[in-house]
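Residues per chain, in single letters:
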Amino acid sequence: MQRPRGLTRILARMPIWLYRLHLGWILDGRFLLLTHVGRKSGLPRQVVLEVVKHDPATGVVYVASGFGRRSDWFRNILKTPEVTVQMGNRRWAAVAQVLPQEEAAEILGEYAREHPKAAHSLARLLGYPADGSPDSFRVLAEEIPIVALRPR
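Residues numbered from 1 in each chain as written. Predicted model: local features only at pLDDT ≥ 70, side-chain atom pairs only at ≥ 80, totals over all residues. Heavy atoms only, no water.

## Observations concerning the environment of Leu 43
Part 1 of the argument: Summarising the element assignment, Leu 43 is placed in the loop between β1 (31-37) and β2 (44-55).
Part 2 of the argument: Take Leu 43: its relative accessible area is 45%, and that puts it in the partly exposed class.
Part 3 of the argument: Not counting residues up to four positions away in its chain, the partners in contact with Leu 43 are His 36, Val 37 and Gly 38. (Helix = DSSP H or I, 4+ residues; strand = E, 2+ residues; numbered from the N terminus. Buried < 20%, exposed > 50% of the residue type's maximum accessible area, 1.4 Å probe, protein only. Contact = heavy atoms within 4.5 Å.)

Set out below in structure tokens:
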């Protein structure tokens, strides 16, 4: 799938403005603002991502790179994994870690069980098969990496 361009890109980036206007609480729990460092520019960059899973006991938040390994934010965190996470009005320093494929498949499976309509729609939108079977999530995890954001 192509990355958003033009008006679609503007619309996709609108949630960033909610955070900048201190309205991130509207998206709390379901989305987060990730601030990372540009791999070429070295400048701060931001993206709003859907939370796939949140473990309140450890503080680890899991996100998916819906456009695969070619997403700019994903390539940036590979070079500089130290990031800042903001969920609602809470902000903390974290380290980004790409999960192994089997663990990513488990996380995607949990997400699909908790949000079946959203998971099915997302998989269809991105052109991936997701019939709910463990094999379909292993295939999906090959294409859609899962990143753990671990508090520092």
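## Details of helix α3 (residues 101-114)
Part 1 of the argument: Relative to the 20 Å expected for 14 residues at 1.5 Å per residue, α3 spans 20 Å between its end C-alpha atoms, a close match to the ideal helical length.
Part 2 of the argument: Among the residues of α3, those classed as buried are Ala 104, Ala 105, Ile 107, Leu 108, Gly 109, Tyr 111 and Ala 112. (Expected span 1.5 Å × (residues − 1).)

## Side note on the pattern of salt bridges
Part 1 of the argument: Taken as a whole, this structure holds four salt bridges when the rule is applied.
Part 2 of the argument: Of the charged contacts in the structure, one is a salt bridge between Arg 75 and Asp 72, with a shortest N-O distance of 2.9 Å. Of this pair, Arg 75 and Asp 72 both sit in helix α2 (residues 72-79), three residues apart, which is roughly one turn of the helix.
Part 3 of the argument: By relative accessible area, which is 31% here, Arg 75 ends up partly exposed.
Part 4 of the argument: With relative accessibility at 36%, the residue Asp 72 sits in the partly exposed group.
Part 5 of the argument: Several salt bridges converge on common partners, so that one network encompasses Arg 39, Asp 72 and Arg 75. (Salt bridge = Lys/Arg side-chain N within 4 Å of Asp/Glu carboxyl O.)

## Description of the packing of aromatic side chains
Part 1 of the argument: Counted by the stated rule, this structure contains one aromatic pair.
Part 2 of the argument: Considering the side-chain rings of Trp 73 and Phe 74, the 6.0 Å spacing of their centres and the 85° angle between planes classify their relative orientation as edge-to-face.
Part 3 of the argument: Note on Trp 73: relative accessible area 7%, which makes it buried.
Part 4 of the argument: Note on Phe 74: relative accessible area 0%, which makes it buried. (Phe/Tyr/Trp six-rings, centres within 6.5 Å; stacked < 30°, edge-to-face > 60°.)

## A short note on the pairing of strand β5 (residues 90-98)
Part 1 of the argument: Of the pairings in the sheet, the one linking strand β4 (residues 82-87) to β5 comprises six bridges and is antiparallel in character. Looking at the pairing, Glu 82 lines up with Val 95 of β5.
Part 2 of the argument: With antiparallel pairing between neighbouring strands as the criterion, β4 and β5 make up a hairpin whose turn holds two residues, including Gly 88 at a positive phi of roughly 60°.
Part 3 of the argument: Where β5 lies against strand β6 (residues 146-151), five bridges are found, and the strand directions are antiparallel. Bridging across to β6, Val 98 finds its partner in Val 147. (Pairing = 2+ DSSP bridges.)

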